[in-house]
Amino acid sequence: MKKKFIWQVWVNLWTAFNLKVTRNLKVTRNIMITNDLEAHMGKRGGKMRKHLVLIGGGHAHMMTLENIGKFVEKGFKITVIGPSFYHYYSGMGPGMLGGTYTPKDIRFATQDVVQKQGGIFVKDRAIRIDPVKKQIYTKTGHTFSYDVVSFNAGSYVPMQAVRGKNDNIYSVKPIEKLMEAADKLKQLFSQKKISISIVGGGPSAAEVAGNVWQLAKKVNQYMPDIHIFAGNKFMARFPESIRVRVLSSLCKRDIQIFETGYVKNIKQDEICLETGEIFPTDFIFMALGVKPSTLFEESGLPVGPDKGLLVNKYLQCEKYPEIFGGGDCIYFKDQPLDKVGVYAVRQNPVLLHNLMAALEGKNLEVFDPGPEYLLIFNIGGGVGVLKKKGLVFKGKIAFMIKNYIDQKFMKKFQAIEKVL
Ligand SMILES: Cc1cc2nc3c(=O)[nH]c(=O)nc-3n(C[C@H](O)[C@H](O)[C@H](O)COP(=O)(O)OP(=O)(O)OC[C@H]3O[C@@H](n4cnc5c(N)ncnc54)[C@H](O)[C@@H]3O)c2cc1C
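Residues numbered from 1 in each chain as written. Predicted model: local features only at pLDDT ≥ 70, side-chain atom pairs only at ≥ 80, totals over all residues.

A. Fine view of the packing of helix α6 (residues 175-191) against helix α7 (residues 203-219). For the pair α6 and α7, interaxial distance at closest approach is 10 Å and the crossing angle is 50°. In this view, α6 runs oblique relative to α7, as classed from their interaxial angle. Considering the relative orientation of α6 and α7, their crossing is right-handed. Touching Ala182, Leu185, Lys186, Phe189 and Ser190 of α6 are Val212, Leu215, Ala216 and Val219, all from α7. Split by residue class, the contact of α6 with α7 holds seven nonpolar, one polar and one charged. (Axes fitted to C-alpha atoms, helices over the stretch in contact; angles between N-to-C directions. Helix = DSSP H or I, 4+ residues; strand = E, 2+ residues; numbered from the N terminus. Parallel < 35°, antiparallel > 145°, perpendicular 65-115°, else oblique. Left-handed = near helix turned anticlockwise from the far one by under 90°. Contact = placed C-beta atoms within 7 Å. Nonpolar A, V, L, I, M, F, W, Y, C, P; charged D, E, K, R; others polar.)

B. How the structure looks around the sheet that holds strand β19 (residues 278-280). Within the open sheet, the three strands sit side by side as β17-β18-β19. Their pairing is antiparallel. Lying at the two open borders of the sheet, with one neighbouring strand each, are β17 (263-267) and β19. The mean angle between the axes of side-by-side strands here comes to 15°, regardless of whether they run parallel or antiparallel. Pairing geometry for strand β18 (residues 270-273) and β19, over three bridges, is antiparallel. Paired with glutamate 270 across the bridge in β19 is proline 280. (Pairing = 2+ DSSP bridges.)

C. Seen up close, the sheet that holds strand β11 (residues 148-151). Pairing within the open sheet is parallel, and its five strands lie in the order β7-β4-β3-β11-β23. Each edge of the open sheet is held by one strand with a lone partner, namely β7 (120-123) and β23 (323-325). Direction aside, neighbouring strands of the sheet carry axes that sit 20° apart on average. Relative to β7, strand β4 (residues 77-82) runs parallel, the two being bridged by four bridges. Paired with isoleucine 81 across the strands is valine 122, a residue of β7. Of the strands in this sheet, β3 (51-55), β11 and β23 touch helix α10 (residues 341-360), which is tilted by about 160° from β11.

D. Layout of unusual backbone geometry. Of note, the bond from lysine 173 into proline 174 is cis; its omega dihedral lies within 30 degrees of zero at -5°. Positive phi, normally seen in glycine, also occurs at lysine 134, with a value near 55°. Residue position: lysine 134 is located in the loop between β8 (126-130) and β9 (135-138). Judged by C-beta crowding, with 18 C-beta atoms within 10 Å, lysine 134 ranks as partly exposed. A positive phi angle, close to 60°, is found at leucine 315, a residue other than glycine. Relative to the helices and strands, leucine 315 resides in the loop between β22 (309-311) and β23. (Buried ≥ 20, exposed ≤ 12 C-beta atoms within 10 Å, placed from the backbone.)

E. Examining the nonpolar core more closely. Ile198, Val199, Ala209, Val212 and Met286 are the most contacted members of the largest nonpolar core, which has 57 residues in total. With eight residues, α7 is the largest single contributor of residues to this core. Beyond its immediate sequence surroundings of up to four residues, isoleucine 198 is in contact with Ala205, Val208, Ala209, His227, Ile228, Phe229, Phe285 and Ala287. (Core = buried A, V, L, I, M, F, W, Y, C linked by C-beta atoms within 7 Å.)

F. Local environment of the site of the ligand. The environment of the ligand is formed by 36 residues, the closest being Gly56, Gly58, Ser90, Gly154 and Gly327. Looking at the shell around the ligand, the elements with two or more residues in it are β4, α4 (93-97), α7 and α10. With three residues, α10 is the largest single contributor of residues to the shell around the ligand. Here the shell around the ligand gathers at least three residues from each of two domains, domain 2 (42-83 + 124-156 + 291-370) and domain 3 (169-289 + 376-404). (Near = placed C-beta within 6 Å. Domains from an automatic or database assignment.)

G. Seen up close, the pairing of β3. Within β3, four of the five residues are buried, leaving the element largely enclosed by the surrounding structure. Here five bridges tie β3 to β4, and the two strands are oriented parallel to one another. Bridge pairing links isoleucine 55 to isoleucine 81 in β4. The sheet contact formed by β3 and β11 spans four bridges and is parallel. Among the inter-strand pairings, leucine 54 is bridged to a residue of β11, identified as serine 150.

Here you go:
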């Protein structure tokens, strides 16, 4: 009798639980379907919703992406357009090439973060803007109208010098290219001795060279010959104290640095200098200085001397005030900024505030680029070169500081994926 009673209670509880779950699922599903339809139609409660479009989910959009739910709660529609479901953190790109990090360690799940908060993610690439019609045109032929738009479309490595086939030529941006290169190099290092050329004389050339060396050490079979073609002077933009430290570290590992002239053209098996010298090669990295996306000039928008979107102290285009931008793709009118992730990261709170304010008709905040930033290069082998104001040093501690800062940044933004 007692057993039957307990069994009956158990059955009733189970049925009630199932009914509740089914009902909740139906309700959730209905809400999702309604949200989806409304999201695509840009309507809520029959009214047209204001539409914020984010082009690129780069470093300057991180906080806006984190807060998409708040925009949606306030009744705004948000669409994020980007060519990849993930965004890779460039500061850790060379470390990923060298095998210190896996691709998963250094990426944010942009699509996931957007969709879980009620935004729309479109895997595509913006190719043109009509600022008068307030429309964005994409590579796959779609058109998106906006009320407010923000660009964080980054920069690219110029490849004009490349002639013919480019199977063995990898640019250092987008970071996905370094991922491909690492896979290919691991195979090659286990098969034969190869010659690797890095074209470019700046920090990304140094970081790539040092981390290719580290990768070969890890594979531990055939060590490659590594050459950097650095134009007339390697790390010319930097103080001698940094230049010497980076140079000595790379030279100790038999990485050869050529400072005898600029590269004229590049074929997949040879590097030709302006001096007429020709160097045979098996694998090439293009690490020339990056340029802002060509999107703005091609769309007739106001641009700076580097062709980046010209923005004022509010990170806003003056001629078309509903257009904003951050990161490598902008030219900050008040003061030209280095193309470093540090500035993109510092622009986050201002962009978040100003995009919301532009939608709500409130006051904008001013972007202050802030004090001189901490510079740390990861030159492979667990070694870093650090500079902050007058302080410059090289070694394991410098790398450990960079690793700590980068991991902290990643944890902060990857945590959003887990919380949602
Ligand atoms: C090898 C290397 C190492 C570096 N290391 C450091 C470092 O340690 N510290 C540092 O501060 N800086 C570093 N930098 C500089 C840093 O990469 C850039 O300053 C930083 O990436 C700029 O961020 P961003 O968000 O503007 O651009 P990106 O990181 O390039 O992001 C742009 C985003 O926009 C997307 N996108 C591009 N085009 C379109 C389009 N047409 N439509 C839609 N979406 C688009 C891209 O997919 C990408 O997700 C390094 C650069 C390189 C190349």
